[in-house]
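# A structural walkthrough
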Number of protein chains: 2
Amino acid sequence: MPQKIVKLTVKDVRFPTSLGQHGSDAMVSYYRTMPTRTLAFLRMYCTHTDPDYSVAYVVIETDGGMKGYGLTFTVGRGTEVVVCAVKALSGFVVGKTLEEIVGDFRGFYRLLTSDGQMRWIGPEKGVIQLATAAVLNAVWDLWARAEGKPLWKLLVDMSPEQLVSCIDFRYITDALTEQEALDLLRKAQTGKTEREEQMLKEGYPAYTTSFSTPHLPPWLWSYTDTILVGLWVKHMTIVFIQCLALLCVHVKLCTDALASGWSRFKVKVGAELEDDERRCRLIRQMIGPDKTLMMDANQRWDVGEAISWVTSLAPFRPLWIEEPTSPDDILGHATISKCHNRVMFKQFLQASALQFVQIDSCRLGSVNENLSVLLMAHKFQVPVCPHAGGVGLCELVQHLILFDYISVSADLNNRMCEYVDHLHEHFTSPVVIRNAHYLPPKDPGYSCEMLESSVETHQFPGGVVWANLLAKAPE
Amino acid sequence: MPQKIVKLTVKDVRFPTSLGQHGSDAMVSYYRTMPTRTLAFLRMYCTHTDPDYSVAYVVIETDGGMKGYGLTFTVGRGTEVVVCAVKALSGFVVGKTLEEIVGDFRGFYRLLTSDGQMRWIGPEKGVIQLATAAVLNAVWDLWARAEGKPLWKLLVDMSPEQLVSCIDFRYITDALTEQEALDLLRKAQTGKTEREEQMLKEGYPAYTTSFSTPHLPPWLWSYTDTILVGLWVKHMTIVFIQCLALLCVHVKLCTDALASGWSRFKVKVGAELEDDERRCRLIRQMIGPDKTLMMDANQRWDVGEAISWVTSLAPFRPLWIEEPTSPDDILGHATISKCHNRVMFKQFLQASALQFVQIDSCRLGSVNENLSVLLMAHKFQVPVCPHAGGVGLCELVQHLILFDYISVSADLNNRMCEYVDHLHEHFTSPVVIRNAHYLPPKDPGYSCEMLESSVETHQFPGGVVWANLLAKAPE
């Protein structure tokens, strides 16, 4: 029986992680005793530089009572703009049946991304692309639930023809034609069953950006020093104690991560070269010469700056430097970059400016566009190492990378999926990590569904979490 | 006395040009006699493929009672998303004085484009970039009004040091450093006064995309056939008469344009090759071998498709083919393209993938980012031919190209600014064209201010124009 989509709702859900950044146990008790004025100072300080991890959270409902959940990840301010864009797209979804959509998924994708009027405010980039991802993620979730399968399994079970029919090849045919895509997928049928069994048994290799424990926020490692300097000015004594405490925490975190089987680590760099050198040296010493170390510069550098900085950090042997410069700068020769669409990925691959492809479940146009990027990466023989973390990115992207291994690349060499141990407790089917591997999810859907209570309390600005925080803010 | 900005308002203003497309004299009377059902059919038909030219219209006000007007151009649906993004940016503007902003304009630009949280939903692209342009255009308008000068004159009178202090060189220093920019501007001081006088006397050369008269919409030429086929199905007889009428209109338009001194023409291509060939042949015959013909493909092609299509149209000797493929596709070798930021322009220039630079007053980050692109284009010795048309784009971009000639390029060879004779009547200081040249505007400001009555009646969806149209729409 056809499932007609009759309703789409979207919510602005934010986690006050710019506060949480100071959330080690020592810091939490410090908060509790702090006067409001100090909290206000911290808030102002934080919200200007640090993210409040957020999502535009989409729920679609069918006349048959089924629901599909989707989201896109954002970092605080501006989430309301993505929410507005989702509403602008909702007219393309509501009123259609799931069968109509998936029966011509390429056409539906084109409808969303190339509407004659909406196209102007993109195309396929920024706000409207994030909104497209949220909406399409919900559609894929609905489809997987309707089939009673986790998304990765739905994809693995689809025929090459069905998969290809979900991809919009517009603007990429000079790098990958439909026929080539079909050939690649058909060739990869060999050994599929074995790889699926292997994944169910072992899981997909992960790397960690956090060295975190459930009690400690994941970015602690990278940002601590800066923040401590900021605090120093106003709270010298307390900070000195914390500084010592956090150093111990770092060592403990790294030790814990090593003990839990982690062998691949990522560190944020780019703020202060001297500081980067000190931290990278410390980490390399702790993990030893054989473990893998990656670095992420978060678009901080110009091209010249990137070259000299990276040269200084080379002794610590990073496998890659992530986002050294503007995400638009193909000729800036990134080694790995988060692109906003398949056209950008295509060029990075064509220009050999990319040695690793870093897909994103919420920045590209959902599963559809990720399929095209996985296939192009395979054609150009570049390993895919997904970006994750944030809110829900781990939950979502695990499906795509499992599909990539089972049905496309058949290769684990130099491949791994990012993992950050953070905010998973807000999801109904959180990721399961065992021995530094993602275990394939078993629940039907795309693992996008959040706990109703989490959504409700974290809605911005009305949810109780924000209402309380904003009440404490100065005027 | 410092002018503190105390208020920012933004409005969603749309012109129902997707209807107007059928607005030849013959068509208007046809509309008047049409039953509502037919109008509804036409509306549905039109709004799915054709633009409703629109703006997100920004007004800022100071405590001293001054106002600055800014806008960004959009094409209908999605304008509300840009409006939402402007609101999200307003917190960075309101509360600041004009003096603070222009005293560190580079810093203010960085604040708007690189806020730690908002950056995620861009950066510097799509919705947030359009919103940034609207806000900054209003700031530049305010500044020019405060100085009592038209914007181009404000720019021309600024010292090289002041100009450079408005530019964010982030991500472009590998193509243009601050010192190089200063050197270029200093060198161009020679002959500035003469060039300014020349511009005041002769104006800046324009080309037309429309061949239009005030009574005829500018896109008539390019879209007519498709629409007529659509109508044919339902209204065969009437259409046959119109078809003949429009053919006469075309010939008349082109003849009129030639008679008014136009020597450079642009035609839209990319829908049907045979049709393109027929129209390009006709135009080339009418304008003769010596006049300049340009073509615009509006991102319709893949790379391979572009090459074969362009080969077929080569006999009609286009000077350029605009936007042959995705605007993100640097390696797709555009000859001319509208880029969304300086980083994209930089690469097109570095890759020699661009033979003409087409700046846009509302897609780039206002005057600030256009300054950097004008300077890069000059360094790479590529002529700048601005994109205009839409709503207000002609009004705004004339200031930038006048500045470019007087203070940067000092060259008119192969240079011209697009002109479309459309919607100027809604502005308080509309462009003045004489003998196919833009005459330098004299009123203080950036020519962004619209008539209050136009804004009021065209607000979407509440303004009377839309209220009436929507009342006629089916259910």
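Relevant structure appears above.
Only a predicted model underlies this, so the values are computations on that prediction, with no experimental measurement involved.

Attention shifts here to the sheet that holds strand E1 (residues 5-14) of chain B. All names here are of chain B. Read across the open sheet, the three strands follow the order E1-E2-E3; overall the sheet is antiparallel. For this open sheet the edge positions go to E1 and strand E3 (67-74), each flanked by a neighbour on one side alone. Put simply, the sheet's adjacent strands are angled 15° from each other on average, direction ignored. Each of E1, strand E2 (54-62) and E3 is contacted by helix H4 (residues 79-90), which is oriented at about 175° to E1, the strand it contacts most.

Right, let's talk about the pattern of salt bridges for a bit. As a working rule, side chains carrying opposite charge can pair if their charged atoms are close by. Tallied over the full model, the rule gives 56 salt bridges over all chains. Arg77 of chain B is the salt-bridge partner of Asp115 of chain A, the closest N and O atoms lying 2.8 Å from each other. On the criterion of chain membership, the pair formed by Asp115 of chain A in the loop between helix H6 (105-114) and helix H7 (126-146) and Arg77 of chain B in the loop between E3 and H4 is interchain, its members lying in two chains. Relative accessible area serves as the criterion here: at 5%, Asp115 of chain A is assigned to the buried category. Since its relative accessible area comes to 23%, Arg77 of chain B is described here as partly exposed. The salt bridge involving Asp157 of chain A is made with Lys153 of chain A; its shortest N-O contact spans 3.1 Å. In this pair, Asp157 of chain A and Lys153 of chain A both sit in helix H8 (residues 151-157), four residues apart, roughly one turn of the helix. Judged by its relative accessible area of 22%, Lys153 of chain A falls in the partly exposed class. Because the salt bridges share partners, they merge into one network encompassing Arg110, Glu124, Asp168, Arg342 and Glu369 of chain A.

The interface is formed by 60 residues belonging to chain A together with 58 residues belonging to chain B. Each partner contributes to the roughly 4,800 Å² buried at the junction of chain A and chain B, and carbon and sulfur atoms together form 56% of this total. Taken together, the connections running from chain A to chain B amount to six salt bridges. A salt bridge links Asp329 of chain A to Lys346 of chain B; the nearest nitrogen and oxygen atoms lie 2.4 Å apart. Where chain A packs against chain B, one counts 32 residue pairs in polar contact (both at pLDDT 80 or more). Those elements giving two or more residues to the side of chain A that touches chain B turn out to be helix H3 (36-49), strand E3 (67-74), helix H4 (79-90), H7 and helix H16 (342-350) of chain A. In terms of residue class, the side of chain A that touches chain B is built from 27 nonpolar, 18 polar and 15 charged.

Here the structure, examined in full by the defined rule, presents 26 aromatic pairs over all chains. Aromatic pair Phe105 of chain B and Trp143 of chain B: ring centres 6.0 Å apart, planes at 55°, arrangement tilted. With Phe105 of chain B in helix H6 (residues 105-114) and Trp143 of chain B in helix H7 (residues 126-147), this pair connects stretches of sequence that are 38 residues apart. Taking the relative accessible area as the measure of exposure, Phe105 of chain B reaches 1% and is therefore buried. Connected via pairs of aromatic rings, a cluster forms that spans Phe105, Phe108, Trp140 and Trp143 of chain A.

This part takes up the state of the cysteines. Applying the stated criterion across every chain yields a total of zero disulfides over all chains. Distance from the sulfur of Cys394 of chain A, which forms no disulfide, to the nearest cysteine sulfur (Cys417 of chain A) is 6.8 Å.

Our focus in this paragraph is the relation of the copies chain A and chain B. For the pair of chain copies, the relating operation is a rotation around an axis with a shift along it. Least-squares fitting of chain A to chain B yields an RMSD of 0.0 Å, with the transformation described by 0.0 Å of translation along the axis and a rotation of 180°. Both copies of the chain, as the preceding transformation shows, are related through a two-fold rotation axis. Closest approach to the rotation axis within chain A is made by the C-alpha atom of Gly126 of chain A, at a distance of 2.6 Å. Comparing interface residues between copies, 97% of those in chain A also sit at the interface in chain B, which points to an isologous, same-surface contact.

Time to look at empty space enclosed by the protein. All names here are of chain B. For the structure on display, the rule yields eight cavities of 30 Å³ or more. Taken as a whole, the second largest cavity encloses approximately 60 Å³ of empty space. What lines the second largest cavity is Leu112, Thr113, Met118, Arg119, Pro123, Glu124, Ile128, Gln129 and Thr132. Of all the secondary-structure elements, those providing two or more residues to the lining of the second largest cavity are H6 and H7. Sorting elements by how many residues they give to the lining of the second largest cavity places H7 first, with three residues. Each residue belonging to the lining of the second largest cavity can be placed in one class, and the counts come to four nonpolar, three polar and two charged.

Calculation notes
Residues numbered from 1 in each chain as written. Chains lettered and ligands numbered in written order. Predicted model: local features only at pLDDT ≥ 70, side-chain atom pairs only at ≥ 80, totals over all residues. Heavy atoms only, no water. Pairing = 2+ DSSP bridges. Helix = DSSP H or I, 4+ residues; strand = E, 2+ residues; numbered from the N terminus. Axes fitted to C-alpha atoms, helices over the stretch in contact; angles between N-to-C directions. Contact = heavy atoms within 4.5 Å. Salt bridge = Lys/Arg side-chain N within 4 Å of Asp/Glu carboxyl O. Buried < 20%, exposed > 50% of the residue type's maximum accessible area, 1.4 Å probe, protein only. Buried area = accessible area lost by both parts, 1.4 Å probe. Polar contact = N/O pair within 3.5 Å; in protein donor to acceptor, adjacent residues only side chain to side chain. Nonpolar A, V, L, I, M, F, W, Y, C, P; charged D, E, K, R; others polar. Phe/Tyr/Trp six-rings, centres within 6.5 Å; stacked < 30°, edge-to-face > 60°. Disulfide = S-S within 2.5 Å. Least-squares fit on C-alpha atoms with pLDDT ≥ 70 in both. 1 Å grid on protein atoms, 1.4 Å probe; cavity = no way out; pocket = protein on both sides within 12 Å on 5 of 7 lines; lining within 4 Å. Points joined across faces, edges and corners; volume = space filled by probe spheres on them.

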